Amino acid sequence: PSDIDFVGRELFKYQESWYGNKMLQAIINFQRGFEPQDTDIIIASFPKAGTTWLKALTVALLERSKHSSDAHPLRLDNPHNLVPFFELDLYAKSSKPDMTNFSSTPRVFATHVPLHTLQEALKNSSCKIVYVWRNVKDVLVSYWYFKSALMKVEAERSLLESMFESFCRGVSYGGPFWEHVLSYWRGSLEESQNVLFLKYEDLKTEPRVQLKRLAEFLDCPFTVEEEENGSVEEILELCSLRNLKNLEINKIGITSRGVDHKNFFRKGEVGDSKNYLTPEMEKRIDMITEDKFGGSGLKL
Ligand code: A3P
């Protein structure tokens, strides 16, 4: 089946989610061609849920104490170039992309596809999957600003309204949002699945706790000495929105698929959507959320 999204683009349903034509081909390339290694780390998210932050934190954790501060990979490149997406970058053109950039382990990749679609590519390997989600209203508003920036136009209300309608129907890249979150939530409850389930809002309110969870999950926990010498805070500061946004590379750079680095960094607030959604919009999307997440055990 196909449907039309908020900018009039035809999307196709594949394994219960929606994708543009090229993306769909890339996902099929990925599912057929990916050769997983058990040490691989995969960062998964719905677009605009905190992917850039999680990529940065993961790189910073794995690379800690390997570089002088000036030569740190995060100071030299954008998190999206350091951690490519399977379907947007690596498999966009071929089912056998060049993987020579990933000569050291662990390899770190990213994806916006839901867990059941990812699993087909992972073929029962024991890769670690880290998922980040965020409240749907902030995701929507963030997406609206991002789309407008990509189209190089002001964020117009009419676009927000049509995106809202598409979102509520679930018709957007990787959508429906709720089923996406639930796929990873259910996966995280099964020990065999190796999924760490993080929430953007928790990362904001208790960053130390969440970073330590991530480090333990990735088998690189902080030592007592590191905790005492401020290593946790150093990583949080390096990966803070303010710091990443102000790096020269993120002010002027462009990702390998042509997105201005600066577009990935906006406000990073919790609840900013209140300033843009009408009470009616909030009510409608809250009702969908309660309906879809009710009984799942997910903390809203
Ligand atoms: P806002 O548009 O609400 O500001 P993604 O990385 O999944 O594309 O999501 C982008 C959202 O994450 C944007 O949200 C962006 O500002 C925010 N973000 C990017 N880097 C961040 C960081 N280091 N810390 C906190 N939020 C960050």
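In the annotation of an unreviewed UniProt entry, the entry for the protein reads Sulfotransferase, and the organism field reads Arabidopsis lyrata subsp. lyrata. The Sequence similarities (unreviewed entry) comment attached to the protein in UniProt states, word for word, "Belongs to the sulfotransferase 1 family."

What UniProt calls "domain: Sulfotransferase" (unreviewed entry) maps, in this numbering, to residues 38-297. Helix makes up 50% of residues 38-297 and strand 8%, whereas the separation of the span's terminal C-alpha atoms amounts to 29 Å.

A few words now on the site of the ligand. As a structural note, the neighbourhood of the ligand is formed by 18 residues, with K48, T51, T52, S142 and G268 the closest of them. Contact distances for the ligand include 2.7 Å between an oxygen atom and a side-chain N or O atom of S142. Contacts to the ligand include R266, whose side-chain N or O atom sits 2.7 Å from an oxygen atom. Computed on the free molecule, the ligand has an accessible area of 560 Å², of which 97% lies beneath the protein chains in the complex. Among the secondary structure elements, those contributing two or more residues to the shell around the ligand are α2 (51-63) and α14 (241-246). Among the elements that line the shell around the ligand, the one with the most residues is α2, at 3 residues. Classifying every residue of the shell around the ligand by side-chain character gives 8 nonpolar, 6 polar and 4 charged.

Criteria and thresholds
- Residues numbered from 1 in each chain as written.
- Predicted model: local features only at pLDDT ≥ 70, side-chain atom pairs only at ≥ 80, totals over all residues.
- Heavy atoms only, no water.
- UniProt positions renumbered as here; feature names shortened; annotations may be inferred.
- Helix = DSSP H or I, 4+ residues; strand = E, 2+ residues; numbered from the N terminus.
- Near = heavy atom within 4 Å.
- Polar contact = N/O pair within 3.5 Å; in protein donor to acceptor, adjacent residues only side chain to side chain.
- Areas by Shrake-Rupley, 256 points an atom, 1.4 Å probe, with all protein chains shown as cover.
- Nonpolar A, V, L, I, M, F, W, Y, C, P; charged D, E, K, R; others polar.

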